[in-house]
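These are the residues of each chain, in order.
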Amino acid sequence: MNAERRRQLSTADERRETVLRTAIGAFAARGYFGTTTTEVAKAAGISQAYVYRLFPNKEALFVAVVEHCFVRVRESLEAGAAAAKGSSPEAVLSAMGDAYARLISDNDLMLVQTHAQAAAVSEPAVRDAVRAGYARLVEYVRGASGGDDRQVQEFFAVGMLCHLLVSMDVDTVDAPWTRTLAAGIRHY
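Remember, predicted model here, so these are calculated numbers, not experimental data.

What counts, and where the lines are drawn
- Residues numbered from 1 in each chain as written.
- Predicted model: local features only at pLDDT ≥ 70, side-chain atom pairs only at ≥ 80, totals over all residues.
- Heavy atoms only, no water.
- Phe/Tyr/Trp six-rings, centres within 6.5 Å; stacked < 30°, edge-to-face > 60°.
- Helix = DSSP H or I, 4+ residues; strand = E, 2+ residues; numbered from the N terminus.
- Lys NZ or Arg CZ within 6 Å of the ring centre and 35° of its normal.
- Axes fitted to C-alpha atoms, helices over the stretch in contact; angles between N-to-C directions.
- Parallel < 35°, antiparallel > 145°, perpendicular 65-115°, else oblique.
- Left-handed = near helix turned anticlockwise from the far one by under 90°.
- Contact = heavy atoms within 4.5 Å.

Draft legend 1. The arrangement of the packing of aromatic side chains in detail. The tally for this structure, following the rule as stated, stands at 6 aromatic pairs. Between Phe-70 and Tyr-134 the ring centres are 5.2 Å apart and the planes differ by 80°, which places this aromatic pair in the edge-to-face class. With a gap of 64 residues between them, Phe-70 in helix α4 (residues 58-83) and Tyr-134 in helix α7 (residues 124-145) connect regions that are remote in the sequence. One aromatic cluster is present, built from ring pairs that chain together Phe-27, Tyr-32, Phe-33 and Phe-62. Taking the ring centre of Tyr-32 as reference, the NZ or CZ of Lys-58 above it sits at 4.8 Å.

This is how it looks when you write it as structure tokens:
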């Protein structure tokens, strides 16, 4: 009986991870407000009822997706910090910035982050998840890089600009304004 229970828990955990991965794509495509749990269930190959067994409602599912994305960002920043070619704040921040730019070349992750920021305006649970995610990232970046407040702020500001550049696909537009915004900003 104990082994059977562990197998069921493992299966439920695996399904939860599958639903999260699937939901990232669904929420990236249509955002929080435009995505239904029916669409997520269909894409995951499970029933909508099973989605509700794993997550009590769409809001909880989206918050879990947002939190999952923040974990992926943190892992990316950790890898960047580990690969830094020096220990100065500038070197560590640069390596973390490069790792982040590579990560958001996965448009689904970037789009979920953008949709989460938009939904945070009117959805308190999403706002709380976004706040908590950024709070953890800011403290990680500060600690890992040794950067001061200005350097950490600039790191996040450049990251937001990188989001904007990628979302507008500025590489396809050769104009003075795109050259101005993209100057010195790594994006892939």
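More follows now that the structure is in view.
Draft legend 2. Quick look at unusual backbone geometry. You will see that Asp-169, though not glycine, has its phi angle at about 50°, which is positive. Here Asp-169 lies in the loop between α8 (149-168) and α9 (176-182).

Draft legend 3. Here's a closer look at the packing of α4 against helix α6 (residues 107-120). Interaxial distance between α4 and α6 falls to 10 Å at its minimum, and their mutual angle equals 125°. Judged by the inter-axis angle, α4 sits oblique to α6. Here α4 and α6 pass one another in a crossing that is left-handed. Together, Phe-62, Val-65, Val-66, Cys-69, Arg-72 and Val-73 of α4 and Leu-109, Val-112, Gln-113, His-115, Ala-116 and Ala-119 of α6 make up the contact between the two elements.

Without other data, these values stay purely geometric and don't point to any function.
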